[in-house]
Amino acid sequence: MSHTSTSPEAVSRLRVDGLSVRFQIPGAVVRAVTDARFEVRQGECLALVGESGCGKSVMAHALLGLLPANAEVTGAVRLETGGAEPVDLVGAPEDVLARRVRGRMIGLVPQSPATHLTPVRTARAQLAETLRELGNPAGSDDLADLARRVGLRPADLDLYPHQLSGGMAQRVANALALAGDPWLIVADEPTTGLDRPLVETTMSELRRLTDEGRAVLLITHDLRATEQVADRVAVMYAGRIVSLTSADEFFTRPRHPYAAGLLDALPSRRFTAIPGHPPELTLLPDGCAFRPRCDRATAACERIPELNEVACHHPLEHHAVR
Ligand SMILES: Nc1ncnc2c1ncn2[C@@H]1O[C@H](COP(=O)(O)OP(=O)(O)OP(=O)(O)O)[C@@H](O)[C@H]1O
Ligand code: NI
């Protein structure tokens, strides 16, 4: 389902190469993201899934230079758009990120959006201001169009943040992320608080933007929504990407035991949770971090497996699903 109207050299993409994030906290180091390698290409939606606390939001913030001062980021993140000079996002000066990247090249839908809205201004005022700041003349048509695309009714726009339900605040955040017509949309749980029809609206909008030649990095717990829009799926466990395959392969022939476990936990499948819990990111074991929960673990798992689509010493051959 990829969009290939441009020549290969001009293909836009985000390339993440060996990205790691460490947080220094009193007496410990949180290894939130370790050695992430992936790309998101024009015309593609890549979903990033994994249990709570595995490092998904930290990864999203690292891409945009939005981590707090106790974070140490290493590795490379390059944004190549339309044959223009690539932008190196790790180590880019704050003014470059603020003026050129955030909102314009990369739009972020933050997790828990209600906390990011200005309490004293209506949704309409915040959208209009963002459109203006991002150099869009903000005709009322644009604003109305943006609202419609995310499933907001015109009357919703006159509400103040405290009057918005969680789902409405989510839609306002989705609209704010799209206001600058960014090339890449990083959407961190963009469907929180939305009912199924609105989840569908949001997913179709993300798919439409993707098919028009943009790119989407979708962070979500909603595997149903993932199945609907993702071209590829990256599975994260304890800060590492442990599986990076086509969505079709992830949903029908998962090879990493953790990926298979996530699918088995779905009510529509076996409805059987993976036993145990992920490790503390301050106390990661050597070797495969999933080993203590994995019924296929062997002595080989004391070494970190390479990510060759699947980071596992003993991937599943044919896992019966559906
Ligand atoms: N500023 C910080 N200082 C120390 N640790 C942090 C900081 N920010 C995040 N962390 C830790 O990094 C880890 C990854 O957090 P992150 O928010 O990325 O998880 P997540 O995969 O997005 O989870 P969820 O699905 O619940 O949103 C967590 O253990 C979290 O406590
Ligand atoms: Ni998160």
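Residues numbered from 1 in each chain as written. Chains lettered and ligands numbered in written order. Predicted model: local features only at pLDDT ≥ 70, side-chain atom pairs only at ≥ 80, totals over all residues. Heavy atoms only, no water.

Caption draft 1: Representation of the overall build of the protein within the structure. Counting its secondary structure elements, the protein contains nine helices and ten strands. Principal-axis analysis of the C-alpha atoms places the extent of the protein at approximately 65 × 50 × 45 Å. In the protein, which comprises 322 residues, the share counted as buried stands at 53%. Considering only residue pairs separated by 6 or more positions, the protein has 67% of its internal contacts joining residues 24 or more positions apart. For the protein, the exposed area adds up to about 14,900 Å²; of that, 52% sits on carbon and sulfur atoms. For the protein, the distance from the average position of its 35 positive side-chain charges to the average position of its 40 negative side-chain charges is 1 Å. (Helix = DSSP H or I, 4+ residues; strand = E, 2+ residues; numbered from the N terminus. Buried < 20%, exposed > 50% of the residue type's maximum accessible area, 1.4 Å probe, protein only. Contact = heavy atoms within 4.5 Å. Areas by Shrake-Rupley, 256 points an atom, 1.4 Å probe, with all protein chains shown as cover. Lys, Arg positive; Asp, Glu negative; His and termini not counted. Charge placed at Lys NZ, Arg CZ, Asp CG, Glu CD.)

Caption draft 2: Geometry of the sheet that holds strand β8 (residues 215-219). In spatial order, the strands read β6-β7-β8-β3-β9-β10; together these six strands make up an open sheet with mixed pairing. At either end of the open sheet lies a strand with only one pairing partner, and these are β6 (106-109) and β10 (240-246). Sheet twist, expressed as the average angle between the axes of neighbouring strands with direction ignored, equals 15°. Docked against the sheet, helix α9 (residues 257-264) engages β3 (45-49), β9 (232-237) and β10, running at close to 100° with respect to β9. (Pairing = 2+ DSSP bridges. Axes fitted to C-alpha atoms, helices over the stretch in contact; angles between N-to-C directions.)

Caption draft 3: Structural context of the coordination of the nickel ion (ligand 2). Protein coordination at the nickel ion (ligand 2) comes from Ser57 (OG) and Gln111 (OE1), with a distance range of 1.9 to 2.1 Å. In this structure, the nickel ion (ligand 2) is surrounded by four donor atoms whose angles at the metal cover 79 to 169°, and the resulting shape is square planar. Residue serine 57 is located in helix α1 (residues 56-63), and its partner glutamine 111 is located in the loop between β6 and α3 (123-133); the two are separated by 54 residues in the primary sequence. On the basis of relative accessible area, glutamine 111 is assigned to the partly exposed category, the value being 34%. (Donors = N, O, S within 2.8 Å, 3.2 Å for Na, K, Ca; no water. Tetrahedral: all angles 85-135°; square planar, octahedral: opposite > 155°, others 65-115°.)

Caption draft 4: Main features of the nonpolar core. Ranked by internal contacts, the top residues of the largest apolar core, which has 101 residues, are Leu14, Phe38, Met59, Leu89, Ile106, Val233 and Val235. Filtering out sequence-adjacent residues up to four positions away, isoleucine 106 remains in contact with Leu63, Leu64, Leu79, Leu89, Val101, Pro182, Leu184 and Val186. (Core = buried A, V, L, I, M, F, W, Y, C linked by side-chain atoms within 4.5 Å.)

Caption draft 5: How the structure looks around the site of ligand 1. Looking at ligand 1, there are 16 residues lining it, with Ser52, Gly53, Lys56, Gln111 and His221 nearest. Take valine 58: an N or O atom from its main chain is 2.8 Å from an oxygen atom of ligand 1. When ligand 1 is considered free in solution it has 640 Å² of accessible area, and contact with the protein chains removes 69% of it. For the shell around ligand 1, the elements supplying multiple residues, two or more each, are β1 (13-25), β2 (28-41) and α1. Among the elements that take part in the shell around ligand 1, α1 stands out by supplying three residues, more than any other. (Near = heavy atom within 4 Å. Polar contact = N/O pair within 3.5 Å; in protein donor to acceptor, adjacent residues only side chain to side chain.)

Caption draft 6: Seen up close, α1. Burial of α1 is extensive: seven of the eight residues sit out of reach of the surface. For α1, every residue scored as buried is listed here: Lys56, Ser57, Val58, Met59, Ala60, Ala62 and Leu63. Following α1 by one or two positions, glycine 65 has its phi on the positive side, about 65°.

Caption draft 7: How the structure looks around the pairing of β8. Across the five residues that make up β8, a large majority, five, are buried. A two-sided burial pattern is seen for β8, the buried positions comprising Ala215, Leu217 and Ile219 on one face and Val216 and Leu218 on the other. Pairing between β3 and β8: four bridges, direction parallel. By the bridge assignment for β8, cysteine 45 is matched with valine 216. Judged from the five bridges that link them, strand β7 (residues 184-188) and β8 form a sheet pairing that is parallel. When the sheet's bridge partners are listed, isoleucine 185 is paired in β8 with valine 216.

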